[in-house]
Amino acid sequence: GTGDVQLTLVQRTLLDGAVIVSTPQDIALIDAARGLTMFQKMDVPVLGIVENMASWSCPDCGATSHPFGKDGGAREAKRLGVDLLGRIPLEPSVREGGDSGKPVVVESPDSAVSAAFAALAERIAETMGLDPGPDSDSTG
């Protein structure tokens, strides 16, 4: 967001960078672009955009669909001149883990969504010039 809380946080906290998270639909990307502009005006480096709920895979047939549109985050990242850091699929286990306090990456570390989060964390670490650590999987 770009409200008073966010502005106060940016003004009172030393930030190494911001990650913009948005669903791929146009209306959400308008807000994401506003947030990105706010960070740039406040001299906070924008590390890139994450496309959240980028796709959904049917658990019964395996077909993949894009309920919020396809590649909107990638198009917006290109338009704004920042990196697309990753895509996180729409996966019920993410919500369930958040509700229960047991993140999906802990409860199901071998799942596709956990791999997407791990790749995202690795990409952010690389973007910041950090070593992602010995436990990271550099294949993904």
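The present account deals with the structure reproduced in this document. Fair warning: this is a prediction, and the values are worked out from it, not measured in the lab. (Residues numbered from 1 in each chain as written. Predicted model: local features only at pLDDT ≥ 70, side-chain atom pairs only at ≥ 80, totals over all residues. Heavy atoms only, no water.)

Thoughts on the overall build of the protein chain
As a reminder, the rule being used: Helix and strand definitions follow DSSP, with helices as H or I runs of at least four residues and strands as E runs of at least two, each counted in order from the N terminus. Based on C-alpha atoms, the radius of gyration is set beside the globule rule, defined as 2.2 Å times the residue count to the power 0.38. Burial classification: accessible surface area is computed with a 1.4 Å probe over protein chains only, and a residue below 20% of its type maximum counts as buried, one above 50% as exposed, and the rest as partly exposed. What makes two residues a contact is simply this: any of their non-hydrogen atoms within 4.5 Å. Accessible areas in this description were obtained via Shrake-Rupley with a 1.4 Å probe; residue shielding takes into account the shown protein chains only. Note on charges: Lys and Arg go in the positive column, Asp and Glu in the negative column, and His and the chain ends are not counted at all. The location of each charge is read from NZ of Lys, CZ of Arg, CG of Asp or CD of Glu.
Helices and strands together make up the secondary structure of the protein chain, namely 6 helices and 5 strands. For 140 residues, the compact-globule estimate of 2.2 N^0.38 gives 14 Å, and the protein chain sits close to it at 16 Å. Taken along its principal axes, the extent of the C-alpha atoms in the protein chain is 45 × 35 × 30 Å. Burial status across the protein chain gives 31% buried among its 140 residues. Expressed as a percentage of contacts within the protein chain between residues at least 6 apart in sequence, the contacts between residues at least 24 apart total 66%. Element-wise, carbon and sulfur atoms account for 53% of the exposed surface of the protein chain, whose accessible area totals about 8,800 Å². For the protein chain, the distance from the average site of its 11 positive side-chain charges to the average site of its 20 negative ones is 9 Å.

Considerations on the side chain of Thr23
The cut-off we apply is this: Two N or O atoms count as a polar contact when they lie within 3.5 Å, although within protein this holds only if one can serve as hydrogen donor and the other as acceptor, and sequence-adjacent residues are included solely when both atoms are side-chain atoms.
Mapped onto the fold, Thr23 is located in the loop between β1 (18-22) and α2 (26-41). Of the polar contacts made by the side chain of Thr23, one reaches the side chain of Gln25; its length is 3.1 Å. The contact partners of Thr23, leaving out residues within four places of it in the chain, are Ala28, Leu29, Asn52 and Met53.

What about the packing of α2 against helix α3 (residues 72-80)?
Selection rule: Lines are fitted to the C-alpha atoms to define the axes, a helix being fitted only along its stretch in contact, and any angle between axes, read from their N-to-C directions, falls within 0 to 180 degrees. Take the far helix as the reference: if the near one is turned anticlockwise from it by less than a right angle, the crossing is left-handed, and if turned clockwise, right-handed. Amino acid classes used here: Ala, Val, Leu, Ile, Met, Phe, Trp, Tyr, Cys and Pro are nonpolar; Asp, Glu, Lys and Arg are charged; the rest, including Gly, are polar.
Between α2 and α3, the least distance of the axes is 11 Å, while the angle of their chain directions is 35°. As α2 runs across α3, the sense of the crossing is right-handed. Every residue of α3 that contacts α2 at Leu29, Ala33 and Leu36 is listed here: Gly72, Gly73, Glu76, Arg79 and Leu80. Across the contact of α2 with α3, the residue classes break down as 4 nonpolar, 2 polar and 2 charged.

Topic: the pattern of salt bridges
Here is the rule: Here, a salt bridge means any Lys or Arg side-chain nitrogen found within 4 Å of an Asp or Glu carboxyl oxygen.
Counting across every chain of the model gives 7 salt bridges. Residue Arg34 pairs with Asp31 through a salt bridge whose shortest N-O separation is 2.5 Å. Of this pair, Arg34 and Asp31 are both found in helix α2, 3 residues apart, which corresponds to roughly one turn of the helix. Residues joined in a network through salt bridges with shared partners are Glu51, Asp71 and Arg87.

What to know about the state of the cysteines
We count it as follows: Criterion for a disulfide: a pair of cysteine sulfur atoms within 2.5 Å.
Tallying each qualifying case throughout the model produces 0 disulfides. Sulfur of Cys61: no disulfide; nearest cysteine sulfur belongs to Cys58 and is 3.6 Å away.

Considering α2
Spacing of three or four residues puts side chains on the same side of an α-helix, whose turn is 3.6 residues. What counts is decided by this rule: To estimate the expected span of a helix, count its residues, drop one, and scale the result by 1.5 Å.
The end-to-end C-alpha distance of α2, which contains 16 residues, comes to 23 Å, matching closely the 22 Å that a straight helix rising 1.5 Å per residue would cover. Turning to α2, its buried residues number three or more, namely Ala28, Leu29, Ala32, Ala33, Gly35, Leu36, Met38 and Phe39. Buried residues along α2 sit against α1 (4-12), β1, β2 (46-52) and α3. Just downstream of α2, Asp43 is the residue with a positive phi angle, here 60°.

As for the environment of Glu76
Along the chain, Glu76 falls in helix α3. Along the sequence, Glu76 and Asp26 sit 50 residues apart, while their C-alpha atoms lie 9.1 Å from each other.

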